[in-house]
There are 2 protein chains.
Amino acid sequence: MTTIRDVAKLAGVGLGTASRVVSGKGSVAPATAEKVRRAIEALDFRPSHAARALLSGSTQMIGVYIPLLKGSFYPHILQTIDRELRTANRHMVVAFGREDTDTRHEVLEGARFLMERDCDGIVLMSNALTADDAQTLLRRQPNLVILNSSFESVAARCFLADHVQGGRLAAQTLLRHGHRRLVAISGPLTSPDNVDRMQGFIQELRTSLGAQVVIPCEEADFSTAGGYAAAGRLLDQGHRFTALFCANDEMAVGALACLAERGLRVPRDVSVLGYDDTPAAEFAVPRLSSVHMPIREVTLAGTRALLNQCYGLDLFVDRHFPVSITARASVIDAT
Amino acid sequence: MTTIRDVAKLAGVGLGTASRVVSGKGSVAPATAEKVRRAIEALDFRPSHAARALLSGSTQMIGVYIPLLKGSFYPHILQTIDRELRTANRHMVVAFGREDTDTRHEVLEGARFLMERDCDGIVLMSNALTADDAQTLLRRQPNLVILNSSFESVAARCFLADHVQGGRLAAQTLLRHGHRRLVAISGPLTSPDNVDRMQGFIQELRTSLGAQVVIPCEEADFSTAGGYAAAGRLLDQGHRFTALFCANDEMAVGALACLAERGLRVPRDVSVLGYDDTPAAEFAVPRLSSVHMPIREVTLAGTRALLNQCYGLDLFVDRHFPVSITARASVIDAT
DNA sequence: GCTAAGATTGGTAACGGTTCCATTTATGCC
DNA sequence: GGCATAAATGGAACCGTTACCAATCTTAGC
């Protein structure tokens, strides 16, 4: 490995001078700088990150915890973070949940793993965290952002769309198409953002259809298999419905598979509305209408806010995340 | 930040003694060790990775390059690598392709980014690499494994299933169900592993149906949207066929969407066979039969081989990756 | 009680950068 | 030309850890 001392020796200059050329700080005579640059080139010198990290106390790495990579929701987020970090010339260290479900224990273990590695900051994503956990983590690592979950006590570090509004929008959409007999598949009730969207959904229905209205609802775990099973349970219970709202697209895709197997045609017999508008929705059969949650913008904002905090940058952070409806083929007017 | 000097001071021992307790190397009197451990506990001391990296020349980090995270193929791989690395107490630094297509330039740029970060080793995945590129990279970083691509010149560092055999299996399966009028959607012809599976597929058909047999085939880019478009082109060309083979599940899902929109029923009118057996296949409508490629085992073997090489470990590496058929609902007997 | 071997211990040097300070060289001005 | 100021330069010190060496302390054996 070639060191900056080798460079200095070859260029015939002092250690400090070589360092000044490499880091671009301090003044060096143009002719001298050129000599050093040629030496760098000749030796293919690359400064050691480890040495810089040791001296500066900054590793230039951001840790990212993601519960699991099933489905098309999380991968997209990871890619967005990577692009932003590489643009800022920082690196991404990733830890995934090791179990297939998003548990509190997994998140804390993953976060611990990342912190031990001296990341300059951490991006956290999970539905399983409690407010206390968030507080504890923030104390150990002030450079923390939480995506897609909200804790009042650490609100400034949370980035998410207004899921209550998203749930309302889902209800409005189905109502506008004339649907009155509705059922739903909820995500885990331990997930704050899931609770938000289900509350918005039901609030809106109660406002329009009357406070006494009951919406049959099955809980699942945000997975395709879970959605498949939940749809089966709703049918087995004998509910008659013209529209089904699913708290994410994964579960909606599972529900579509179930409905198809039971001989129900979507959208003719049942309209299905998803949530998140993930890439999977576009080529579902039939193409899945979905509440569009601007997760890319949410992720971008969180990542940039973290970069600003960690490195004193001044990247633009947009905290406005409007939800909307992406209308495709799976929702039509009630007959 | 508390350093090992703080620990030594509090424990009332020398620097070296404290270090020996931390690293577990060398001999320390039990009573002394206990004092040091208490000091570590009291100060919440954690050794600096940066200092260790500087001294040892090893960062304990493995870099992973993945082209893109669309679809359910790559995410699964990442998660498998993460689990294995964390079990070995190493970290994963990830770089993704920044464009939505897997290009040569992107891979090289990503690999460069990872190498500059002083990763101890690199896991590479790409369909766009050439044999020369692989050679060049291997010269700069001997600790390199390549997943799911094969280059004879660096064969020992390549891990992949036998895709020729996979293609053969696909053909055998469709033939066994009585299909004779077949069409196919191929991945990019620049991708070596795609070429393998298409060659196996066509070889097998020629063997069974005669050397002169022609299989209409459209090329796409392994994406769902590409599969959708390719299926459309096959139909527009007026081919009549009872079975469609797609070189990966993503494209098969796109093709299913296209066939459904054109009023063709799968599997009654057309059988569709995918490749890779990704999670998406399980809940496609209808459930997608697929050539099962043991990507988890391939990934595990590559990751372990890299760990063995980087750190002198002796993890078991199984280089036997049998392909098989996962039969679901999308392939039935020809009528 | 004495010696030798072994166990235990403390401190220095080194990893490869950057920062700071002291020194030398160049520049500007009267 | 002489002086003051600024620019340019070289090198020591430092970041936190581990490896190594020399010194000290035990312990066993006779």
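Up top is the structure.
All residue numbers refer to position in the chain's written sequence, counted from 1. Labels are handed out in written order, letters beginning with A for the chains and numbers beginning with 1 for the ligands. Note on the predicted model: pLDDT of at least 70 is required for a residue's local features to be given, and 80 or more for side-chain atom pairs to be given and counted; whole-chain, interface and lining totals, by contrast, use all residues. Side-chain descriptors were evaluated using all non-hydrogen atoms of the structure, hydrogens and water having been removed beforehand.

1. Quick notes on the protein's contact with DNA strand D
- Throughout, near means a residue has at least one heavy atom within 4 Å of the molecule or strand. Neighbouring DNA strand D are 25 residues; Gly14(A), Thr32(A), Ile4(B), Arg5(B) and Leu55(B) lie closest to it.
- Within 4 Å of the protein, the contacting atoms of DNA strand D are 59% sugar and phosphate, with bases supplying the remainder.
- One nitrogen or oxygen atom from the main chain of Gly14(A) is found 2.5 Å from a phosphate oxygen belonging to DNA strand D.
- At a separation of 2.9 Å, a phosphate oxygen of DNA strand D approaches a polar backbone atom of Ala29(A).
- The secondary structure listing takes helices from DSSP runs of H or I that are at least 4 residues long and strands from runs of E that are at least 2 residues long, numbered from the N terminus. Those elements that place two or more of their residues in the surface near DNA strand D are helix H2 (15-23) and helix H4 (49-56) of chain A together with helix H1 (4-11), helix H2 (15-23) and helix H4 (49-56) of chain B. Throughout this description, a polar contact denotes any pair of N or O atoms lying within 3.5 Å of each other; where both atoms belong to protein, one of them has to be capable of donating a hydrogen while the other can accept it, and for residues adjacent in sequence the pair is counted only when both atoms sit in side chains.

2. Here's the deal with the nonpolar core
- Take the buried Ala, Val, Leu, Ile, Met, Phe, Trp, Tyr and Cys residues and link them wherever side-chain atoms come within 4.5 Å; each set so joined is a nonpolar core. We call a residue buried when its accessible area falls under 20% of the maximum for its residue type, exposed when it is over 50%, and partly exposed in between, using a 1.4 Å probe and counting protein chains only. Grouped together as the largest cluster of nonpolar side chains are 146 residues, with contacts concentrated most on Ile185(A), Leu244(A), Ile185(B) and Leu244(B).
- Contact criterion: two residues are considered in contact whenever any of their non-hydrogen atoms come within 4.5 Å of each other. Among all residues touching Leu244(B), those that are not within four sequence positions of it are Val183(B), Ala184(B), Ile185(B), Leu234(B), Ala255(B), Leu259(B), Val270(B), Ser271(B), Val272(B) and Leu273(B).

3. Re the protein's contact with DNA strand C
- Not every one of the 27 residues close to DNA strand C is listed here, only the nearest: Ile4(A), Leu55(A), Gly14(B), Thr17(B) and Thr32(B).
- Sugar plus phosphate, as a fraction of atoms of DNA strand C within 4 Å of the protein: 53%.
- Take Thr17(B): an N or O atom from its side chain is 2.7 Å from a phosphate oxygen of DNA strand C.
- Taken together, the elements giving at least two residues each to the surface near DNA strand C come down to helix H1 (4-11), H2 and H4 of chain A together with H2 and H4 of chain B.
- Broken down by element, the residue count for the surface near DNA strand C peaks at four residues, all from H2(B).

4. Considerations on helix H7 (residues 131-140) of chain A
Residue and element names in this part refer to chain A.
- Looking only at H7, the buried set comprises Asp 133, Ala 134, Leu 137 and Leu 138. Burial along H7 is one-sided: seen end-on, the buried residues are contained in an arc of 130°. Facing away from the buried surface of H7 by more than 90 degrees, the exposed residues are Asp 132 and Arg 139.
- Each element contacted by the buried residues of H7 is listed here: helix H6 (104-116), strand E3 (121-125) and strand E4 (144-147). In this context, the arc is that of the directions from the helix axis out to the C-beta atoms.

5. A closer look at the interface of chain A and chain B
- Chain A puts 52 residues into the contact, and the matching count from chain B is 52 residues.
- Buried area between chain A and chain B, summed over both chains or domains, comes out near 4,700 Å², and the portion from carbon and sulfur atoms is 56%.
- Summed over both partners, the accessible area (1.4 Å probe) lost when two parts come together is defined as the buried area. The largest share of the area that chain A buries against chain B comes from Arg86(A), Arg117(A) and Phe283(A), three residues that together contribute 18% of it.
- The term salt bridge refers to a side-chain nitrogen of Lys or Arg lying within 4 Å of a carboxyl oxygen of Asp or Glu. Taken together, the links from chain A to chain B amount to eight salt bridges.
- A salt bridge links Arg140(B) to Asp44(A); its shortest N-O distance comes to 3.8 Å.
- Applying the counting criterion to the chain A and chain B interface returns 26 residue pairs in polar contact (both at pLDDT 80 or more).
- Every element with two or more residues in the side of chain A that touches chain B is listed here: H4, helix H5 (73-87), strand E2 (91-96), H6, helix H10 (224-236) and helix H11 (249-261) of chain A.
- Ten residues, namely Ala, Val, Leu, Ile, Met, Phe, Trp, Tyr, Cys and Pro, are considered nonpolar, four, namely Asp, Glu, Lys and Arg, are considered charged, and the remaining ones, Gly among them, are considered polar. Residue composition of the side of chain A that touches chain B, grouped by class: 24 nonpolar, 12 polar and 16 charged.

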